[in-house]
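Residue-level structural notes
Below are the chains, spelled out letter by letter.
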Amino acid sequence: MTQTRPTLAVVGATGAVGTVMLDILSTRENVWGEIRLLASARSAGKTLRCRGEEVVVQELTEDSFDGVDVAMFDVPDDVSAKWAPIAAAKGAVAVDNSGAFRMDPDVPLVVPEVNGHAARNRPKGIIANPNCTTLTMMDALGALHHRWTLRELVVASYQAASGAGQPGIDRLYDEIEVVAGNRSLGTGAGDVRATVVNKLGADSPFGAPLVLNVIPMAGSFREGGWTSEELKVRNESRKILNIPDLKVSATCVRVPVVTTHSLAVHAVFAGDIDVAEARQVLIEAPSVVVIDDPDRGEFPTPADVVGCDPTFVGRLRQALDFPNTLDLFVCGDNLRKGAALNTAQIAELVAAELTSGG
């Protein structure tokens with residue numbers, strides 16, 4: 001049991017999600033004592049603002065975790081794979097936002113509003129944070145599953161450029177500058193691609209120009225033509241909801257939005273589901289906001305919810321030709337709830353556990 005407030009380390013503090021994390025740590029209830037900001041040698045020495053104070057970023061080394069109770073990781077998979085076990089061996093609970101441990105059977109995959117209890121069972125001293133696409137819909141689906149028992153999911157995602165990190169954001173803005181003011185673009189096959197590649201080159205985080213376009217893939221291709229993002233939606237949904245045989249099919253699409261992922265969800269349940277009751281269940285669910293008024297044309301969009309913590313849900317309706325179903329549209333900021341916020345919430349569960357002695 002920790003008698004004082006636990007010590008927190010933030011690994012990857014200078015990255016895109018790390019920046020959001022510092023804002024979250026500065027605005028949520030302060031449950032931490034010391035907060036150490038850790039990054040590569042290249043970023044060490046930088047000064048970042050957290051909780052109203054200037055904090056110097058330290059180089060990530062084994063000694064960085066001495067006296068640390070919880071370490072949050074927002075770094076590439078290979079970095080987490082190396083350093084999260086080191087943090088755990090030093091006595092810290094590692095909360096990892098990478099994909100390195102999500103499907104490890106000895107590492108819980110946690111969304112606090114859905115399966116927060118799982119955070120206590122961590123044989124390796126590591127807790128995984130889900131992929132941002134899966135997380136976008138999980139608060140809503142967790143509430144619906146608790147009431148009606150989920151059986152199948154068909155999902156189409158509309159994923160923001162920031163899902164590809166800062167290079168994705170920069171590329172989209174650069175492409176916008178290239179096409180701005182040219183109203184003839186988009187009227188001929190390949191004219192957008194030719195213009196963008198001519199000005200910016202073909203080297204891009206995306207497989208095609210994103211501006212004035214959508215790209216029917218996110219992640220990298222895997223066996224059978226599926227992408228890594230699509231497989232994450234399937235595998236992680238099963239693990240979080242504890243439905244090993246959940247039937248899932250996903251198509252992940254990149255769209256010209258800076259931040260906030262959206263998903264069109266077709267959910268099939270074990271029995272009849274009433275739309276009005278489902279709407280009420282979602283209204284009462286923690287971290288879910290319902291915007292759903294067809295008569296007034298009200299529904300969630302990425303531009304309206306970016307920078308917000310909750311999941312936003314709308315377009316609730318029953319499929320006309322499929323029984324026991326609910327169709328809905330979901331939006332969630334992929335850098336907040338999809339990454340930094342959920343990681344912070346998991347860490348807060350651990351902090352409460354440590355300070356309570358249980």
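All of the points below concern the structure found in this document.

Turning to the overall build of the protein, a few remarks are in order. When helices and strands are counted, the protein shows ten helices and 14 strands. Computed over C-alpha atoms, the radius of gyration of the protein comes to 21 Å, within 12% of the 21 Å expected from 2.2 N^0.38 for 358 residues, which places it in the range of a compact globule. For the protein, the spread of C-alpha atoms along the three principal axes comes to 60 × 55 × 40 Å. When each of the 358 residues of the protein is scored for burial, the buried share is 51%. Once local pairs closer than 6 in sequence are excluded, the contacts in the protein between residues at least 24 apart make up 68%. About 16000 Å² of surface is accessible on the protein, with carbon and sulfur atoms providing 50% of the total. Distance between charge centres in the protein, computed from 32 positive and 45 negative side chains, equals 2 Å.

We now examine the side chain of glutamate 229. Inspection of the secondary structure puts glutamate 229 in helix H7 (residues 228-241). Glutamate 229 sits in the buried class, given a relative accessible area of 8%. Polar contacts involving the side chain of glutamate 229 include one to the side chain of threonine 133, which spans 3.0 Å. With near-sequence residues (within four places) excluded, glutamate 229 lies in contact with Asn131, Thr133, Gln159, Ala218, Gly219 and Cys252.

Once that is clear, we can look at the packing of aromatic side chains. Within this structure, the stated rule accounts for three aromatic pairs. Centroid distance phenylalanine 65 to phenylalanine 73: 6.0 Å. Interplanar angle 25°. Geometry classified as stacked. Neither phenylalanine 65 nor phenylalanine 73 differs from the other in exposure class; each is buried.

What follows concerns the environment of serine 43. By secondary structure assignment, the location of serine 43 is in the loop between strand S2 (35-39) and strand S3 (47-50). Accessibility expressed as a relative area gives 6% for serine 43, which makes it buried. Linking serine 43 and alanine 270, residues 227 residues apart in sequence, is a C-alpha distance of 51 Å. Discounting chain neighbours no more than four positions away, the residues touching serine 43 are Thr14 and Val57.

Once that is clear, we can look at the pattern of salt bridges. Counted according to the given criterion, the structure contains 15 salt bridges. A salt bridge links lysine 124 to aspartate 104, with the shortest nitrogen-to-oxygen separation between them at 2.5 Å. In this pair, lysine 124 sits in the loop between helix H3 (112-115) and strand S8 (126-128) while aspartate 104 sits in the loop between strand S7 (93-96) and H3, placing the two residues 20 residues apart along the sequence. Residue class for lysine 124 comes out partly exposed when judged on its relative accessible area of 40%. Residues joined in a network through salt bridges with shared partners are Asp23, Asp309 and Arg336.

What counts and what doesn't
- Residues numbered from 1 in each chain as written.
- Predicted model: local features only at pLDDT ≥ 70, side-chain atom pairs only at ≥ 80, totals over all residues.
- Heavy atoms only, no water.
- Helix = DSSP H or I, 4+ residues; strand = E, 2+ residues; numbered from the N terminus.
- Rg over C-alpha atoms; globule rule 2.2 N^0.38 Å.
- Buried < 20%, exposed > 50% of the residue type's maximum accessible area, 1.4 Å probe, protein only.
- Contact = heavy atoms within 4.5 Å.
- Areas by Shrake-Rupley, 256 points an atom, 1.4 Å probe, with all protein chains shown as cover.
- Lys, Arg positive; Asp, Glu negative; His and termini not counted.
- Charge placed at Lys NZ, Arg CZ, Asp CG, Glu CD.
- Polar contact = N/O pair within 3.5 Å; in protein donor to acceptor, adjacent residues only side chain to side chain.
- Phe/Tyr/Trp six-rings, centres within 6.5 Å; stacked < 30°, edge-to-face > 60°.
- Salt bridge = Lys/Arg side-chain N within 4 Å of Asp/Glu carboxyl O.

Everything listed is a geometric property; what it means functionally is a separate question.
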